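Residue strings, one per chain:
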Amino acid sequence: MFFPSILTAASLLFAAAMPDTLATATVTAERGTVVSRVDTLAVAPTASPESLPEILSRIPGIQINDYGGIAGLKNISLRGMGATHTAVLVDGVRVGNVQSGQVDLGMLDLTSAGAVTVDYVNSKINIRTARPAFADGRNFGGFVRLGGGTYDTWVPSGRLDFRLGDGLALSVNGAGVLSQGNYRDNNDIIEYRGGIDLFGREWNIKAYANSSVRGCPGSISWPAPLDRQTDGNYFLQGSWSHRFSPLYDLSISAKGASDHLHYYGDSAGYVYENDYLQREALFNMEHGFTLSETLRLVLEDNLQFDHLKTDAYNTPTASRTALDSKALLSWTPGRFRADLAALWQGIWDKGGVNRHVLSPSVGLSYALPAGFTLVGTLRRAYRVPMFNDLYYAGMGNTDLLPEDAWMSGLELAWTRRTDAWQFDAGVDGFYNDLKNKIISAPTADPWIWSMFNLGAATVKGVDSRASVRRTAGSATWGLAAAWTWQAGTAIPYQPRHSGSLTADLSATGWRAAATLLHRGVREDSYGTQMDAYRLLDFSLSKEISRFTLMLDLKNILDSQYEVVAGYPMPGFHFLAGLRVNF
Amino acid sequence: MFLSLLYVVLSGIALPVGGIQMQYLWRNQLGDVYSLGLGSAACLGAAAATMSGWCSLTVGSFICTLVCTLICFFVTLRVNTQKLITFGILFGTFIGSLGTIVVTNAPNGDLLKKYYLWGAANFRLEEVTSGDIVFSLVLFAVGFGAALWTSRELTRHFRGEIELPNWKKAVSLLLIMFLVTSAVSICGPIGFISLGVPNLSRILCAKTDIRYHYLISSAMGIGLLLITWLVVNYASFGVYLPVSATMAILALPLMVLVFTGQKQPTE
């Protein structure tokens, strides 16, 4: 595995040491192998199904693009690089979308997540399913939860855990989202998700299904009161890792996925329907050679095959075979650490253009005295056009070039731990230089749009954060602040200033948390300036024996705002719920 | 491209697994799927098919390998392992010589080039038919299934707990040939991977259960072949690089690092 993969693996190793149960979903933000930091974002599950995307949005440098609340598409991007540059993984295995390259966080079951790892260096978000934790002598556990609130929203969920043997456990989970979303017309959703996870000591298998029917209200300027979208997402994946000797370890994972999307559109009487059927198979392998106490070599191969059948493209089918081969050498003499990596990507589109590229990366860190760490990273990021970019009827452009970026960062971090106190702080500057950015723009005929390579774009910025946590007996409280300054060219929806303030307090079964989020002025994809907004959320829960009562108050300031232009977000709303553990 | 990568993966499994089986069968770390002249036989068959045009290169390669394996099969029934190895070396030389005669008498340069490109094994799969593919996949399934089926017995034989009778060794040899030919008949002989990778696996993991080495050898075989395939196709700097030779060169630093890096693990 390469630097990117290696870093991810290291992230996972770090995450493995973190609490990984349903009691607390821990979000960890990292700079890669060399730096592991926690943004004091461990939160108890709330009544709201949107909780994890919201939590992620408090991490500096992360942008959640939300197309309209509970039913809307939600994708994630890091440091202005766009959602297509951000990989989303479930239990270390990538969630693919060869159609648009953007993963809808809404299709993933986040209620069973035990840990989320954010890897800035490699632009990866890894969602780890919580492993079952059994009380002494028990072979069974789980919970059911029901939340309900504004906009006729109901959110049932549940999970059953079974101990099948020593080191072997089965988890069955399901969740639903039913909402009228009636702060807009045609904004309803009915969504069901379910999964089965089998956990061994060194392996796990996951089967997952998601099915949804939703209204697609469109943007305000181009409303679509009758448009509907149906999704079906299914995957089966497994991973296994084993250390054969102090010298050698091996990890293998494989996945098969099927995704179906049906879109019904009715534009002023012009009715159209499109089907997209994606099939994906991928196989990953990672060899680790611990050559000495200071030297480690990792080799990784990722092989992926995607096939898409649709009636919306210039071609009825499209398929892509991709191979990533990586090599990473880590050298850790004392306080210094160096990671050098080379990633070789080959992408072959049937009937299309074939690409291959070598992407080097380097990470250097030095542990300074008194808990300070200095980290520098440099990486090349290469993103080939997705099928929508290439083949979409009337818009696709098969002459598109891949996006090619250099991403660099320099961070100074500080951490201090005592028995009762935990302090974290850091300042992280970054500079991303992107060439051939892919955008949609009008052709010579202003009514006909197509995909183009924009040319060059740069994103530069500073992420900063500070947090404190105090634990005294069974009581704990924490404060966290984050602020990002970001500037660049032609990157829509990236505010120049954004920040968050978070406070939480837990004691005697009570838990309260408040978040104030600020998003500054930014521009939409047409260059039109969008207003700043502030959001204040509050959640309260009380645990009484096996029962937990939960209340989430969202957008208490009743801000009228849009994350994506033309897609208004809900004003003040709430969700209350009851969870029963057994 | 999908098919090329499929055969990179398939070869990455078939050849190291065949190699580790040979090492266990002979209790000798120099065991290799080509030790009994199977590689030479595959080349002879491919050469004969190419020059004569009687059948496809894949079928010719398979038939010749099968004939040679059957000869080895009957020899195995009658002699001990040490004599078998000696026989294999001599037999391989003999078959190789026949191949040389066929190739050097090629009717024209085009046929010679066609044969050579098959032997260079760069997974281009030129002129491979869907029938060839199905045939080789069946061979692979039978050979790999047999490898799993006999794993416990081979492990016990390797540990010295039992001594496999000659007829079982002969049958094992035939089934190893199925596995090896599933890759070689399509892609040509690929060296190093069936000898170096199993040995690397045994250095990295001292466990004697052959199933561990099936896994490690397969994973390493796939990984090394994929990297090598990328290099020969996209970083050859204008020089034609055969997979076999390139892989041996690429794996050399890894071998050196592993050999010199640490003490060997113990089971």
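Residues numbered from 1 in each chain as written. Chains lettered and ligands numbered in written order. Predicted model: local features only at pLDDT ≥ 70, side-chain atom pairs only at ≥ 80, totals over all residues.

**Q** It is not clear to me how the packing of helix α1 (residues 2-26) of chain B against helix α6 (residues 130-149) of chain B should be interpreted in this structure. Could you clarify?
**A** Residues and elements named next belong to chain B. Running from amino to carboxyl end, α1 crosses α6 at an angle of 40°, the nearest separation of the two axes being 11 Å. Taken together, the axes of α1 and α6 are oblique relative to one another. α6 is crossed by α1, and the crossing has left-handed handedness. Two secondary-structure elements touch here, α1 through Leu-10, Ala-14, Val-17 and Gln-21 and α6 through Phe-140, Gly-143, Phe-144 and Ala-147. Of the residues that constitute the contact of α1 with α6, the class distribution is 6 nonpolar, 2 polar and no charged. (Axes fitted to C-alpha atoms, helices over the stretch in contact; angles between N-to-C directions. Helix = DSSP H or I, 4+ residues; strand = E, 2+ residues; numbered from the N terminus. Parallel < 35°, antiparallel > 145°, perpendicular 65-115°, else oblique. Left-handed = near helix turned anticlockwise from the far one by under 90°. Contact = placed C-beta atoms within 7 Å. Nonpolar A, V, L, I, M, F, W, Y, C, P; charged D, E, K, R; others polar.)

**Q** Help me understand the nonpolar core, please; the structure alone is not making it clear to me.
**A** As a rule of thumb, soluble globular proteins bury nonpolar side chains together. Formed by 96 residues in total, the largest nonpolar core has its most connected members in Ala-14, Leu-38, Leu-179, Val-180 and Ala-183 of chain B. Broken down by element, this core gets its largest block of residues, 14 residues, from helix α10 (residues 210-234) of chain B. Those residues in contact with Leu-38 of chain B that lie beyond four places of it in its chain are Val-33, Thr-65, Cys-68, Thr-69, Met-177 and Val-180 of chain B. One finds Ala-113, Ala-115, Tyr-120 and Met-407 of chain A within the second-largest nonpolar core, a separate group that totals 34 residues. (Core = buried A, V, L, I, M, F, W, Y, C linked by C-beta atoms within 7 Å. Buried ≥ 20, exposed ≤ 12 C-beta atoms within 10 Å, placed from the backbone.)

**Q** For this particular structure, what's the right way to read unusual backbone geometry?
**A** Working note: non-glycine residues mostly have negative phi, and peptide bonds are mostly trans. All names here are of chain A. A positive phi is found at Tyr-151, a non-glycine position, where the angle reads about 65°. Of note, Tyr-151 is situated in the loop between β9 (140-149) and β10 (153-165). Residue classification places Tyr-151 among the partly exposed positions, given that 18 C-beta atoms sit within 10 Å. The backbone of Asn-436 shows a phi angle near 60°, a positive value even though the residue is not glycine. If you trace the backbone, Asn-436 turns up in the loop between β25 (421-435) and β26 (438-442).

**Q** Looking at this model, I keep getting lost on the pairing of strand β34 (residues 533-544) of chain A. Mind explaining?
**A** Within a regular beta strand, the side chains point alternately toward one face of the sheet and then the other, so they alternate between its two faces. Residue and element names in this part refer to chain A. Note that strand β31 (residues 510-519) and β34 share 10 bridges and pair antiparallel. By the bridge assignment for β34, Arg-511 is matched with Ser-541. As consecutive antiparallel partners, β34 and strand β35 (residues 547-554) are separated by 2 residues, and within that stretch Ser-545 has a phi angle of approximately 55°, a positive value. (Pairing = 2+ DSSP bridges.)

**Q** What is the right way to read the interface of chain A and chain B from this model?
**A** Reports of interface size often rely on the accessible area that becomes lost once the parts have come together. Tallying the contact residues gives 24 residues for chain A and 21 residues for chain B. Elements with a minimum of two residues in the side of chain A that touches chain B: β16 (228-245), β17 (248-267), β18 (270-290), β19 (295-310), β20 (317-331) and β21 (336-349) of chain A. Among the elements that take part in the side of chain A that touches chain B, β19 of chain A stands out by supplying 5 residues, more than any other. Looking at side-chain class alone, the side of chain A that touches chain B contains 16 nonpolar, 7 polar and 1 charged residues.

**Q** What should I look at first to understand the packing of α6 of chain B against helix α8 (residues 166-187) of chain B in this one?
**A** Residue and element names in this part refer to chain B. Between α6 and α8, the least distance of the axes is 7 Å, while the angle of their chain directions is 150°. Crossing of α6 against α8: the hand is left-handed. For the pair α6 and α8, the contacting residues are Asp-132, Ser-136, Leu-139, Phe-140, Val-142, Gly-143, Phe-144, Ala-146 and Ala-147 in the first and Leu-175, Ile-176, Phe-178, Leu-179, Thr-181, Ser-182, Ser-185 and Ile-186 in the second.

**Q** How should I be thinking about the confidence of the model for chain B in this particular structure?
**A** Note that predicted coordinates carrying low pLDDT should not be read in detail. Counting all residues, the mean pLDDT for chain B is 83, and 94% of those residues have values of 70 or more. Across the assembled chains, the prediction reports ipTM 0.75 with pTM 0.81. (pLDDT = per-residue confidence, 0-100.)

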